[in-house]
Amino acid sequence: MGSEEFVFLLIGLKWTVLLSAVGFVCGCLAGLGVALARTSGIPLLERITAIYIGIFQGTPLLMQLFVTYYGLALIGLKLDAWVAVAIGLTLHASAYLGEIWRGSIEAVPRGQTEAAKALSLKYVSRMKDVILPQAIGISLPATIGFLVQLIKGTSLASIVGFTELTRAGNIISNQIFQPLTVFGIVGALYFLMCCPLTIIGARLEQRFNAAHAR
Amino acid sequence: MTTATASVQSPITGEAVITMSHVEKWYDAFQALHDINMSVRKGERIVLCGPSGSGKSTLIRCINHLESYEKGEIRVGGILLGNQAKAIDAIRREVGMVFQQFNLFPHLTVLENCMLAPMRALGVGKTEAADRARSLLARVKILEQAEKYPIQLSGGQQQRVAIARALCMRPKIMLFDEPTSALDPEMVKEVLDTMISLAEEGMTMICVTHEMGFARQVADRVIFMASGAIVEEAHPGEFFTNPRHERTRKFLGEILRN
């Protein structure tokens, strides 16, 4: 395998990183909204978000990407593959992160909310200053775990013709007939992305726990 | 022997800062509070006692709307406590609360615990909030722990921080919900001493507690509840030596035996 092929893989890697980053950042923002709606105490809002989470947890990511790519095109929204996949990943991530964080928010003892209320803190401050900082610590292992899943999940974007790392590997492999070498490298590149995250996650977790259990 | 009267006059006279009239509360089919009528004057110290499940905690949690009530009327500082966010907020700024489980914010230092509410709810500046927090931490004799996290403190110390945190809002009324029940016996005194000094400075207080020594020493009135209703209220002297109701006698017999 020559340097030209390797560069082609690296370009694929760039798209994988970008897709993961967009999916995670947008997914986090939307997921926070989902988690807050899911714990709002407003029955209608809670039911709608429960259905939303149910749909995205209950169907394969592959199908979700199909629907955002071909489905949106059917209703007249002809989107670039990149945009369609980014939307699909965002929706997917927001549902999973929303559910992870709902659980974390609910795992913060009720006395914390009561103390904050008794101190006259309003909803935004109660969440921002009291509940979420504790919920984040609780959610870290699951959140990092999901991020790693999401990075690997971006490989499904190849199905709508998007040339990210996996598809780039496929193309090169078909050209030079060295599948073992090519996919070995592709696998190593995924590992290099995911493994540091796991390590960083463990570090963050330690720090959060340290603040609580010194 | 004094004649039993329906409502006991406290030596404290002055405006009523809390009035509850005909308050009733249900949890679904279970009635938690029955026709509660009570008024607390400025500077009065009330001890609320009664067997477990008698509604004491529910009653004081209604005063700052941690619990809602279905019937009757509660007024705090002249404000009618209904479901309007504005009234609830106004009342919570005047009423501090101390919980059985302390409920300090574990991710914030002792000092930050005390600074948060004045900054966020009252709009006090950071420097002033820190000054205020330090002076109140000094007052509960725990200033040297200001930079520590709650988990690093003993239960008694945590509860004193919780008192300081509530006082940082400069409340006019303090509610104590079994503040010493979760403490090891050797730590009860430090918290009670803090509460006594607060009482001596004229703070209006309602304390749910089984510390009858505290009730004897500082209470202007003791209110005894059972099954969600007020059974008896009396000056502590009379309450302990000459309880009028059978249920009160039974309760006192049980807790004073220890």
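Residues numbered from 1 in each chain as written. Chains lettered and ligands numbered in written order. Predicted model: local features only at pLDDT ≥ 70, side-chain atom pairs only at ≥ 80, totals over all residues. Heavy atoms only, no water.

## A few points about the sheet that holds strand 8 (residues 204–208) of chain B
Residues and elements named next belong to chain B.
Now for step 1: Here six strands make up an open sheet; going across it, the order is 6-7-8-3-9-10 and the pairing mixed. Only two strands of the sheet have a single neighbouring strand rather than two, namely strand 6 (95–98) and strand 10 (229–234). Sheet twist, expressed as the mean angle between neighbouring strand axes with direction ignored, is 20 degrees.
Now for step 2: For strand 3 (residues 45–49) and strand 8, the ladder comprises four bridges, and the chain directions are parallel. (Pairing = 2+ DSSP bridges. Helix = DSSP H or I, 4+ residues; strand = E, 2+ residues; numbered from the N terminus. Axes fitted to C-alpha atoms, helices over the stretch in contact; angles between N-to-C directions.)

## Some points on the nonpolar core
Across soluble globular proteins, nonpolar side chains show a tendency to be buried alongside one another.
Now for step 1: The biggest cluster of nonpolar side chains holds 83 residues, and the ones touching the most others in it are Ile18, Met20, Leu59 and Ile206 of chain B.
Now for step 2: Here this core takes ten residues from helix 6 (residues 123–153) of chain A, the largest share from any one element.
Now for step 3: Look past the residues within four positions of methionine 20 of chain B in its chain and what remains in contact with it is Ile36, Asn37, Met38, Leu59, Cys62, Ile63, Glu73 and Ile74 of chain B.
Now for step 4: Ranked by size, the runner-up nonpolar core spans 53 residues in total, among them Ile142, Ala162, Ala226 and Phe240 of chain B. (Core = buried A, V, L, I, M, F, W, Y, C linked by side-chain atoms within 4.5 Å. Buried < 20%, exposed > 50% of the residue type's maximum accessible area, 1.4 Å probe, protein only. Contact = heavy atoms within 4.5 Å.)

## Focus on the interface of chain B and chain A
Now for step 1: Taken residue by residue, the interface counts 24 residues in chain B and 21 residues in chain A.
Now for step 2: Together chain B and chain A conceal approximately 2000 Å² of surface at their shared face, both sides included; 60% is due to carbon and sulfur atoms.
Now for step 3: Joining chain B to chain A, the criterion identifies three salt bridges.
Now for step 4: A salt bridge links aspartate 129 of chain A to arginine 120 of chain B; the nearest nitrogen and oxygen atoms lie 2.6 Å apart. (Buried area = accessible area lost by both parts, 1.4 Å probe. Salt bridge = Lys/Arg side-chain N within 4 Å of Asp/Glu carboxyl O.)

## Observations concerning the environment of isoleucine 87 of chain A
Residues and elements named next belong to chain A.
Now for step 1: Topologically, isoleucine 87 is positioned in helix 4 (residues 81–107).
Now for step 2: When its relative accessible area of 32% is taken as the criterion, isoleucine 87 is described as partly exposed.
Now for step 3: Along the backbone, isoleucine 87 and alanine 115 are 28 residues apart, and their C-alpha atoms lie at a distance of 39 Å.
Now for step 4: For isoleucine 87, the residues in contact, after removing those within four places along its chain, are Thr68 and Leu79.

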